[in-house]
Amino acid sequence: MESTPLHKAVFFDRDGTINSDEGHYYIYKPEDFVFNPGVVEGMKRLQDAGYLLFVITNQGGVAKGIYTCEDVDRVHTYMCSELAKQGIQLTKIYYCPHHESVQACECRKPSPYLVNLAVEEFHIDRRQSWFIGDSRRDVECAEAAGVSPILIHKNQDITPVIEQILNTLVP
């Protein structure tokens, strides 16, 4: 029996990592979605290097009634269409619509639940995979899922971390 080859992947937090959340607590309208510096170019370079690209995001405003799952889907459709214009295909977007102030769940970061789903669904090699995020909960999620965390400052240019990933030799 042949084994399925494992893929390398990069997981991205969304708000503050992929897109700017400057001036907004929640991003739930396509017109408020602005890519952070280096993201589009970085994703293209990672994809060209053979990485699968995922988004793992908490969207607690859904549980709080501030916006809907349809609003989240509209933002994600916009984000994916803008990336597609540059030849970038996200493998999958996973999001948690819950918030601990409303209801407990197993999928909200720092839980590794959504990363683990991706690992199983897409046969990801955890040792060759990374999670880029702008909060401690992203780091905790990555560590619990067994992928390498990279903590960035909110809304920063991610070019240096893309270089770090591309220049890291994995045993």
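Sequence positions are assigned chain by chain, starting from 1 and proceeding in written order. Note on the predicted model: pLDDT of at least 70 is required for a residue's local features to be given, and 80 or more for side-chain atom pairs to be given and counted; whole-chain, interface and lining totals, by contrast, use all residues. Side-chain metrics rest on all non-hydrogen atoms present in the structure, leaving aside hydrogens and water.

Where an unreviewed UniProt entry is consulted, the protein chain appears under the name D,D-heptose 1,7-bisphosphate phosphatase, with the organism given as Candidatus Odoribacter faecigallinarum. UniProt positions are given in the numbering used here, feature names are shortened, and annotations may be inferred rather than shown by experiment. If you open the UniProt record of the protein chain and go to Sequence similarities (unreviewed entry), you find "Belongs to the gmhB family." Quoted verbatim from the Subcellular location (unreviewed entry) field of UniProt, the annotation for the protein chain is "Cytoplasm".

Is there a simple way to think about the overall build of the protein chain in this case?
Assigned secondary structure in the protein chain consists of five helices and five strands. Secondary structure elements are taken from DSSP: a helix is a run of H or I of four residues or more, a strand is a run of E of two residues or more, and numbering for both begins at the N terminus. Reading the protein chain from its N end, one meets helices and strands in the order β-α-β-α-β-α-β-α-β-α. Dimensions of the protein chain, computed from C-alpha atoms along their principal axes, come out at roughly 45 × 35 × 30 Å. Only heavy atoms enter the contact rule, under which two residues are in contact if any of them lie within 4.5 Å. For the protein chain, contacts bridging at least 24 residues in sequence account for 68% of all contacts bridging at least 6. Element-wise, carbon and sulfur atoms account for 52% of the exposed surface of the protein chain, whose accessible area totals about 8500 Å². Neither His nor the chain ends contribute to the count of charged residues, in which Lys and Arg are positive and Asp and Glu negative. Working definition for charges: the position is that of NZ of Lys, CZ of Arg, CG of Asp or CD of Glu. When the 16 basic and 24 acidic side-chain charges of the protein chain are each reduced to a single mean position, those positions are 1 Å apart. Using a 1.4 Å probe, accessible areas were evaluated by the Shrake-Rupley method; residue-level cover was limited to the displayed protein chains.

Can you walk me through the pairing of strand 1 (residues 9-12) in this structure?
Each regular strand displays side chains that alternate between the two surfaces of the sheet. Whether a residue is buried, partly exposed or exposed follows from its accessible area with a 1.4 Å probe, protein chains only, as a fraction of its type maximum: under 20%, in between, or over 50%, in that order. A two-sided burial pattern is seen for strand 1, the buried positions comprising Ala9 and Phe11 on one face and Val10 and Phe12 on the other. Should DSSP find at least two bridges between two strands, the strands are regarded as paired. Pairing of strand 1 with strand 2 (residues 52-58), which is carried by four bridges, proceeds in the parallel orientation. In the sheet register, phenylalanine 11 faces strand 2, and the bridge partner there is phenylalanine 54. When the strands point away from the viewer, a crossover counts as right-handed if the route from the first strand across the helix to the second turns clockwise. With respect to chirality, the unit in which strand 1 leads through helix 1 (residues 39-48) into the neighbouring parallel strand 2 is right-handed. Taken together, the three bridges between strand 1 and strand 4 (residues 130-133) define a ladder with parallel strand orientation. Directly across from phenylalanine 12, in strand 4, lies its bridge partner isoleucine 132.

Is there a simple way to think about the sheet that holds strand 3 (residues 92-96) in this case?
Note on sheets: strands pair through backbone hydrogen bonds, and any given pair is parallel or antiparallel. Strand order in the open sheet formed by five strands is 3-2-1-4-5, and the pairing between neighbours is parallel. Single-partner strands in this sheet number two, and they are strand 3 and strand 5 (148-151). Across the sheet, the mean angle separating the axes of adjacent strands is 20° when strand polarity is ignored. Axes here mean lines fitted to C-alpha atoms, for a helix over just the part in contact, with angles spanning 0 to 180 degrees between N-to-C directions. Relative to strand 3, helix 2 (residues 69-84) is tilted by about 150°, and along the sheet it contacts strand 2 and strand 3.

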